[in-house]
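# Descriptive analysis of the structure
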Amino acid sequence: MPGRTASVPTAGHGAGAGKRAVPAWRRSLRPYLLIVPALLLTGGILYPFGLGLYYTLFDFAASKPQPDLVGVGNYRRILTQPAFWDSARVTVAYAVGAAAVETVLGVAVALLLHRSSPVGRVLEKILILPLMIAPVIAAIMWKLMLQPSVGVVNHLLEPFGLGGVQWTDTPTGALLSSIAVDVWVYTPFVAILALAGLRSLPASPFEAAAVDGAGWWFTFRRLTLPMLWPYVLVAVIFRFMDSLKVFDIIYALTEGGPGDSTMVLQIRAYLEAIRFQRYSFGISYMIVLWAVVYLVTMVLVRYLGRIQNRAAEVER
Amino acid sequence: MDMHAHDRRRFLAIGAATAASATPLLTACGAGFGGGRAAGDGSAADDVTGPFDWKRAKGRTVKALLNKHPYTDALIADLKAFTEKTGIRVEYDVFPEDNYFDKLTVDLSSGRASYDVFMLGAYMVWQYGPPGWLEDLGPWMRNSSATGAEWDQEDFFPGLLSADQWSLEAGAPLGRGGQYALPWGWETNVVAYNTEVFGKLGLKPAETFDELREIAGAITRRAPGAGFDGMYGVAVRGSRSWATIHPGFMTMYARNGLKDFTVEGGKVKPAMNSPEAVAFTRDWAEMVQKGGPPSWTSYTWYQCSSDLGAKKAGMLFDADTAAYFQAVKGASPASGKIAFHPGPKGPGGSLATNMWIWSLGMNARSRNKSAAWLFLQWATGKEHLRKGAIEHNHIDPVRKSVGQEAAYKDKMGAIPGFIETFETVVDQTRIQFTPQEQFFDATTSWAAALQEIYGGKNASSVLNGLAGDLASKVG
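Residues numbered from 1 in each chain as written. Chains lettered and ligands numbered in written order. Predicted model: local features only at pLDDT ≥ 70, side-chain atom pairs only at ≥ 80, totals over all residues.

### What to know about helix α12 (residues 301-309) of chain B
Because each turn of an α-helix spans 3.6 residues, side chains separated by three or four positions in sequence point in the same direction. Residue and element names in this part refer to chain B. Along α12, seven of the nine residues are buried, which leaves the element largely enclosed by surrounding structure. All of the buried residues in α12 are Trp301, Gln303, Cys304, Ser305, Asp307, Leu308 and Gly309. Where α12 is buried, its residues touch β6 (182-194), β7 (232-235), β10 (313-319), α13 (320-327) and β11 (338-341). Just downstream of α12, lysine 311 is the residue with a positive phi angle, here 60°. (Buried ≥ 20, exposed ≤ 12 C-beta atoms within 10 Å, placed from the backbone. Helix = DSSP H or I, 4+ residues; strand = E, 2+ residues; numbered from the N terminus. Contact = placed C-beta atoms within 7 Å.)

Structure representation (C-alpha cells):
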C-alpha cells in the first residue's frame, strides 16, 4: 500500500505512468491563450480607433498629404462651427423623434400581439419583414413612394383631398419623412423585444390583481409597465444609439437636404472625409459623434440598472 | 473604496502612457500619412523609345474603372478591336454614377494602383491633380515613340484638350500646366422641349431668361388642361449635390455674365453673392417653384431626363445627351416629339455654355503605364470614336473629324435641332467655373443654398453666408 501511495503522481514532478504532467509554465500560460481571440478582436477595434484619433491631431487632407500637427485644432474648429451645432441639433431631433415614436408604436403593437389569436400569430411573422430589408433599400423604396407626382402615397391620399404633398421638399417634411422611414424599418424591432418581455412576465401578480378586481388601465400602469420597462429600455438604448449614428436612411432619402435640414453628423463627417477629402477633419467629426453616443449610452445603461432593480421590487 | 480609486488612477495612468506612446507605435505600424505625390521628376513616358508600335505592350492587362453610361457601353462593345490591335487585355469594373466618384476617390486616395485608367470629369482634375494622383499625359503625347501619328491632336474640338490641362494653382486658368486627362466625350447644356405641347399651347422656345421662366410657369398651369396630365414646365436638377450646379444653372448664370469666383492678386474670392448673382439665383429658384418638378430637391439628371421622355416635363435644361437618349426613336413616349434649342441668351446675346467632359485619366501609381497609354490613345482616337458615334450612342464626339462625318450627321440630323443647336453653342462652350481644389465643397454647398432659397429663405442672406463660408476654404 505504501508503494501505491508513493506511485500517485504529483503535479510538477512529471512522474505519471505514461502520462506527462503539464509543466507549470504552460498551465500559467493557458488563461492568456484563452483570451487571445478576445485580445485580437479588441486590437482589431482599437487599432483603427487609435489611428483615427492620431489622424485627428493633424490637418491631413488630399490637398495636404504631408500634414502639420494641429493638436486639438480640428476639435476646436468643429465646436466653434455653427454647421456642427446645426447638425448636432438635427441628429438629436432625429434620434429622439425616431426612438420615441418607435417605442410607443412598438409597445402598442406588442400589447396587441400579446393577446394570442390566429391573426396575431400571422401578424407576428409579417411584422418582422421590414427588419429583413436593408435600411438603404427601404429608404430608396420610400423615396419612390413619396415622390409627389408619381408616388403611391400621394395617389392614395388624393381621394381624401390630400394629394400633392411635397414630402421631402421642405425642411420639416424632409426630417419627418426620414423619421417615418426609420419608424417603418425599426418599429418591429422594438415590438419584438417588448413582446418577448411581455411573455416573460410572471403570471401571479396579474392573477392577484384580477382577483382584487383591478381594471385594465390600473393593471397596465401599476404592473405591466413597471415590469416591462427594463425590456423597453433596452430597445430604447439600441434605437437611440443607432439613430444618433444614422447615415443610410437620410443619405438615400435626402442627401442631408433640402439645405442642411437633414444634415446629421454622420453625413457631414462622410462629406468632409470622403467627398471633400479633408480626412483629419472628417474623422474628428466621427470622434465627436462617438463621444456623444458613448456618453448618452453610459447614462442610459446606468438608468437601465436602476429600472431593473425597481422592476424586480414590483415582481416581489 | 480606496483600492477602487487606486485601480482607476492606475488604469488612467496606463491609458495616458499608452496614448503617449501611440504616436511612434502607430507610425511604426504603417499609420503614417501616405498619398504624397506619386510622380517623380521624370515621366515614365521617357522610357519609351524607338518607333511607335501598337503591339509594344502585348500580353499586358489594363484595369479600367468605368461609370455606367452610354459612352461606356460603346467602349465596352469595341474592346475586342483594341485587344486585336494591341494584344492588351482590358479588365473593367462599371459602377453607377451615384457612387462612381466615391469609389474612384477612395481608390485613388488609398495610394493603390487597383486601376490603371478611369473615367473622370474635367472638374475632377482640380481635386485629383494636386495630390499627385493623376499621371501627367503631356510627356506621353509629346513622345512620338509612345504616340502614333494618327492620334491627331489638332483634331480635337478647340478647348477640350486644354480643359483637362491645369497648373494646379487655385484660380489659374485652364490650358496651362500638366495634361491630367484626355477628353473622350462631352456634353453641352442646352434646352430640349416637347414639340407637341409647345404646338398645342402656341409656345416658342425661350430666347431670354425671362421668357424661359414665363414659359415654364405657363406649361405647368396650362398643359394639364390641354391633355398633358401632370406635366410641368422645365426639368432642372435640384439634389443636394455639386451636379445640380454645373448644367442648366451654371449655363444660364454664365450667360448672365456672372462669375462663381473672382481672382484678385492670386486670391480666389467667392462672387456668388454679388447683387446680380443674388437676383439671378432668386429668379432661378422662383422659376423652379412655379414651373419646375415636384420634389425638385431630389432631382438628378436621371429624373430630369426620364420626365422629358415620359411627357412629364415640357422642357429640359440640361446636358444635350440627357435629352438625346429620350429623343431617339422608340426610347420613350416622347421620342419623335423632342427638339433642341440653344436656350435663352443672356444680356447682349451671350450663349456662354458650361460643358461637362467625360475624360479618361491614368493612375499616377499605375505599374502598367505603357499599356495604359496605348489604351487611352486608342479610346480617344478617331477609329473608336467614329464607331462609337455612328454605331453606338457615343454622341457629342470630341473629335471634329467625327462630327463632320456624313454618317454621323445623318444619324443626328434625325433629331430636330440637335446639330444646329450644337453648332450654335459650340464656340461659346467651355468650362465656366473657376478652377480650384475645393470645387466639390463649393458646388455642393451652393446646391444646398439653392435649395434653401427655393424653400423660401432670403437669397441675399443665404448667398452671403455661403460666400463667407467658402472664402475661408478657397482663399
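### Quick word on the UniProt feature "transmembrane region" (unreviewed entry) in chain A
As annotated in UniProt, the feature "transmembrane region" (unreviewed entry) corresponds to residues 32-55, 92-114, 126-145, 183-202, 223-241 and 279-301 of chain A in the numbering used here. End C-alpha to end C-alpha, residues 223-241 of chain A measures 28 Å, and it is 100% helix and 0% strand. (UniProt positions renumbered as here; feature names shortened; annotations may be inferred.)

### Points about the nonpolar core
With 208 residues, the main nonpolar core has Ala194 of chain A together with Val117, Ala192, Met315, Leu316 and Phe375 of chain B as its most contacted residues. The residues that make up this core include at least three from each of domain 1 (51-187 + 356-423) and domain 2 (188-354 + 431-474) of chain B. Ignoring sequence-local partners within four residues, the contact set of leucine 316 of chain B consists of Ala192, Ala235, Cys304, Ser305, Leu308, Ala322 and Ala323 of chain B. (Core = buried A, V, L, I, M, F, W, Y, C linked by C-beta atoms within 7 Å. Domains from an automatic or database assignment.)

### Quick notes on the environment of tryptophan 167 of chain A
All names here are of chain A. When you line up the elements, tryptophan 167 lands in the loop between α8 (152-157) and α9 (171-199). The exposure class assigned to tryptophan 167 is buried, which follows from the 24 C-beta atoms found within 10 Å. Sequence spacing of tryptophan 167 and serine 177 is ten residues, and the spatial spacing of their C-alpha atoms is 6.5 Å. For tryptophan 167, the residues in contact, after removing those within four places along its chain, are Leu146, Pro148, Gly173 and Ser177.

### Some thoughts on unusual backbone geometry
In this structure, the amide linkage connecting glycine 257 of chain A to the following residue, proline 258 of chain A, adopts the cis form with an omega of -5°. You can see proline 258 of chain A is positioned in the loop between α12 (248-253) and α13 (265-275). Its identity is not glycine, yet lysine 311 of chain B carries a phi of approximately 60°, on the positive side. On the secondary structure map, lysine 311 of chain B appears in the loop between α12 and β10. A count of 21 C-beta atoms within 10 Å places lysine 311 of chain B in the buried class. Unusually for a residue other than glycine, aspartate 396 of chain B sits at a positive phi of about 55°.

### Comments concerning the pairing of β10 of chain B
Residue and element names in this part refer to chain B. Across the seven residues of β10, seven count as buried, placing the element largely inside the fold. Here β6 pairs with β10 via five bridges, running antiparallel. If you follow valine 190 over to β10, its bridge partner there is aspartate 318. As defined by bridge partners, β7 adjoins β10 across three bridges and the pair is classed as parallel. Along β10, the bridge assignment pairs tyrosine 232 with alanine 313. (Pairing = 2+ DSSP bridges.)

### Examining the interface of chain A and chain B
With 28 residues of chain A at the contact, the number on the chain B side is 32 residues. Counting only elements with at least two residues in the side of chain A that touches chain B, the list comes to α3 (36-55) and α13 of chain A. In terms of residues, the side of chain A that touches chain B owes the most to one element, α3 of chain A, which gives three residues. For the side of chain A that touches chain B, a count of residues per class yields eleven nonpolar, twelve polar and five charged. (Nonpolar A, V, L, I, M, F, W, Y, C, P; charged D, E, K, R; others polar.)

### Some details on the UniProt feature "domain: ABC transmembrane type-1" (unreviewed entry) in chain A
Mapped onto the present numbering, the UniProt feature "domain: ABC transmembrane type-1" (unreviewed entry) falls at residues 88-300 of chain A. Between the end C-alpha atoms of residues 88-300 of chain A there is a gap of 19 Å, over a span that is 75% helix and 0% strand.

### Describing the domain arrangement of chain B
Residue and element names in this part refer to chain B. Its domain assignment divides chain B into domain 1 (51-187 + 356-423) and domain 2 (188-354 + 431-474). Placing a centre on the C-alpha atoms of domain 1 and another on those of domain 2 gives a separation of 28 Å. Sorting the residues of the side of domain 1 that touches domain 2 by element identifies α5 (124-128) and α18 (418-425) as the ones contributing at least two each. Tallying contributions element by element places α18 first for the side of domain 1 that touches domain 2, with three residues. Its residues placed into classes, the side of domain 1 that touches domain 2 shows 16 nonpolar, five polar and two charged.

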